[in-house]
Amino acid sequence: MNTILELNQITKTYKMGDLDFQALKGVSLEIEAGEMVALMGPSGSGKTTLMQVIGLLDRATTGNYKLRGREVASLSENDRAEARNSDIGFVFQAFHLLSRQSILENVEVPLMYAGYNAKDRRDRAMTMLEKVGLGDKWRNLPSQISGGQKQRVAVARALTLEPAILLADEPTGNLDTRTSIEIMALFQELNEEGATVIIVTHENDIGDHCKRIVRLRDGLLESDRQNPNPHRARA
Ligand SMILES: Nc1ncnc2c1ncn2[C@@H]1O[C@H](COP(=O)(O)OP(=O)(O)OP(=O)(O)O)[C@@H](O)[C@H]1O
Ligand SMILES: [Mg+2]
């Protein structure tokens, strides 16, 4: 067993003036390298909050978080940003592509921040685009490709720095059923190649494609079960 992340009694309180709201009330969770986990639960149950803590986009209020064996809850902003860049790839519901940049340039963005030179960026971004089946679209703008293709671009971009963990928050929320299944096929393929994948979803169909299903309710873990027969998605 190779534990990739370990949350211990994580709480998160949002401060709003005089009012506090506790969105996470003590969540403990261990995830092994190579798992494919669905994080489910009703609207407002804390899924995005937990994802942001896991992805080092936000800090827990209390609790411990070990990422690849290292305590990260108390790191400085800079060290957190570094850990985030090297260990985590993000995919969001709304794609978040730069509309005036080509598909290829969008995939190059993390490589640019990481200081790769122009040629290495290009080569690496092309390899990732080919991996997600979009090698022929590299010149297009985001407005010239479909929603499912946009999400593939976002996945390619998330993978450029070979993160240990791929985090996706409602990655199929803006896609029709058929396209959602294609994206799940891509995640399954990446998982088979060794990526640890965590997907937030409130669609049971999407959860059924994952090997493990964790449910949140009102800021607490409600259930955590293995799914011995994940649905196979075919692209
Ligand atoms: N920045 C914030 N300030 C105050 N309260 C917040 C903030 N972000 C989230 N919350 C509250 O925390 C709770 C959990 O929110 P969260 O976004 O994690 O839910 P979710 O499970 O992702 O829901 P959904 O399925 O609708 O995306 C909600 O009650 C929400 O209103
Ligand atoms: Mg959410």
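Everything below is about the structure shown above.
Being a predicted model, the structure only gives us computed values, none of them experimental.

Draft legend 1. Fine view of the overall build of the chain. From N to C terminus, the chain includes seven helices and 10 strands. Look at the contacts in the chain between residues 6 or more apart in sequence, and 68% of them connect residues 24 or more apart. As displayed, the chain has an accessible area near 11,600 Å², and 46% of this comes from carbon and sulfur atoms.

Draft legend 2. Broad picture of the pairing of strand β7 (residues 165–169). Among the five residues that make up β7, five are buried, leaving the element largely enclosed by the rest of the structure. Judged from the five bridges that link them, strand β6 (residues 88–92) and β7 form a sheet pairing that is parallel. Paired with Phe 92 across the bridge in β7 is Asp 169. The sheet contact formed by β7 and strand β8 (residues 196–200) spans five bridges and is parallel.

Draft legend 3. Expanded view of the sheet that holds strand β2 (residues 19–32). Taken in spatial order, the four strands of this open sheet run β2-β1-β4-β5, and their pairing is antiparallel. Edge strands, defined here as strands with exactly one partner in the open sheet, are β2 and β5 (70–71). Pairing geometry for strand β1 (residues 3–16) and β2, over 11 bridges, is antiparallel. Counterpart to Lys 12 in the pairing with β2 is Leu 24. Those strands touched by helix α1 (residues 47–54) are β1, β2 and β4 (62–67), and its axis lies near 120 degrees from that of β1.

Draft legend 4. Local environment of the site of ligand 1. In the vicinity of ligand 1 there are 13 residues, among which Ser 43, Gly 44, Lys 47, Thr 48 and Thr 49 approach most closely. At a separation of 2.6 Å, an oxygen atom of ligand 1 approaches a polar side-chain atom of Thr 49. When ligand 1 sits alone it has 630 Å² of accessible area, and the protein chains cover 63% of it. For the shell around ligand 1, the secondary-structure elements that each account for two or more residues are β1, β2 and α1. The biggest single contributor to the shell around ligand 1 is α1, with three residues. Taken together, the residues of the shell around ligand 1 sort by class into five nonpolar, seven polar and one charged.

Draft legend 5. Representation of α1 in the model. The element α1 is largely enclosed, with a buried count of six among its eight residues. Leu 56 sits one or two residues past α1 and shows a positive phi near 60 degrees.

Draft legend 6. How the structure looks around the packing of aromatic side chains. Considering all chains together, one arrives at one aromatic pair under this definition. With a centroid separation of 5.8 Å and an interplanar angle of 10 degrees, the aromatic rings of Phe 90 and Phe 92 are classed as stacked. Looking at Phe 90, the relative accessible area reads 17%, which means it is buried.

Draft legend 7. Molecular detail of the pattern of salt bridges. Here the structure, examined in full by the defined rule, presents 16 salt bridges. Between Glu 108 and Arg 122 there is a salt bridge, with the nearest N and O atoms lying 3.0 Å from each other. Placement of Glu 108 in helix α3 (residues 103–113) and of Arg 122 in helix α4 (residues 118–131) is noted, with a sequence separation of 14 residues between them. By relative accessible area, which is 3% here, Glu 108 ends up buried. Arg 122 gets classed as partly exposed once you look at its relative accessible area, which sits at 39%.

Draft legend 8. Structural context of the side chain of Thr 201. By the element assignment, Thr 201 lies in the loop between β8 and α7 (204–207). Ignoring any residue separated from it by four or fewer positions in sequence, one finds Thr 201 in contact with Leu 39, Met 40, Gly 41, Lys 47, Glu 170, Ile 206 and Gly 207.

Draft legend 9. Layout of the packing of helix α5 (residues 147–159) against helix α6 (residues 177–192). Running from amino to carboxyl end, α5 crosses α6 at an angle of 20 degrees, the nearest separation of the two axes being 9 Å. Classified by the angle their axes make, α5 and α6 are roughly parallel. When you trace α5 past α6, the crossing you get is right-handed. Of α6, the residues touching α5 (which contributes Gly 148, Gln 151, Arg 152, Val 155 and Leu 159) are Thr 179, Glu 182, Ile 183, Leu 186, Phe 187 and Leu 190.

Draft legend 10. Summary view of the nonpolar core. Core analysis: the largest hydrophobic core is formed by 39 residues, its most contacted members being Leu 129, Val 155, Leu 166, Met 184, Phe 187 and Ile 199. For this core, the secondary structure elements donating two or more residues are β3 (36–40), α3, α4, α5, β7, α6 and β8. Each residue touching Ile 199, except ones within four places of it in the same chain, is listed here: Met 36, Val 37, Ala 38, Leu 39, Ala 168, Pro 171, Met 184, Phe 187, Ile 206 and Cys 210. By size, the runner-up hydrophobic cluster in this structure holds 29 residues, among which are Leu 29, Val 53, Ile 54 and Val 214.

What counts and how
- Residues numbered from 1 in each chain as written.
- Chains lettered and ligands numbered in written order.
- Predicted model: local features only at pLDDT ≥ 70, side-chain atom pairs only at ≥ 80, totals over all residues.
- Heavy atoms only, no water.
- Helix = DSSP H or I, 4+ residues; strand = E, 2+ residues; numbered from the N terminus.
- Contact = heavy atoms within 4.5 Å.
- Areas by Shrake-Rupley, 256 points an atom, 1.4 Å probe, with all protein chains shown as cover.
- Buried < 20%, exposed > 50% of the residue type's maximum accessible area, 1.4 Å probe, protein only.
- Pairing = 2+ DSSP bridges.
- Axes fitted to C-alpha atoms, helices over the stretch in contact; angles between N-to-C directions.
- Near = heavy atom within 4 Å.
- Polar contact = N/O pair within 3.5 Å; in protein donor to acceptor, adjacent residues only side chain to side chain.
- Nonpolar A, V, L, I, M, F, W, Y, C, P; charged D, E, K, R; others polar.
- Phe/Tyr/Trp six-rings, centres within 6.5 Å; stacked < 30°, edge-to-face > 60°.
- Salt bridge = Lys/Arg side-chain N within 4 Å of Asp/Glu carboxyl O.
- Parallel < 35°, antiparallel > 145°, perpendicular 65-115°, else oblique.
- Left-handed = near helix turned anticlockwise from the far one by under 90°.
- Core = buried A, V, L, I, M, F, W, Y, C linked by side-chain atoms within 4.5 Å.

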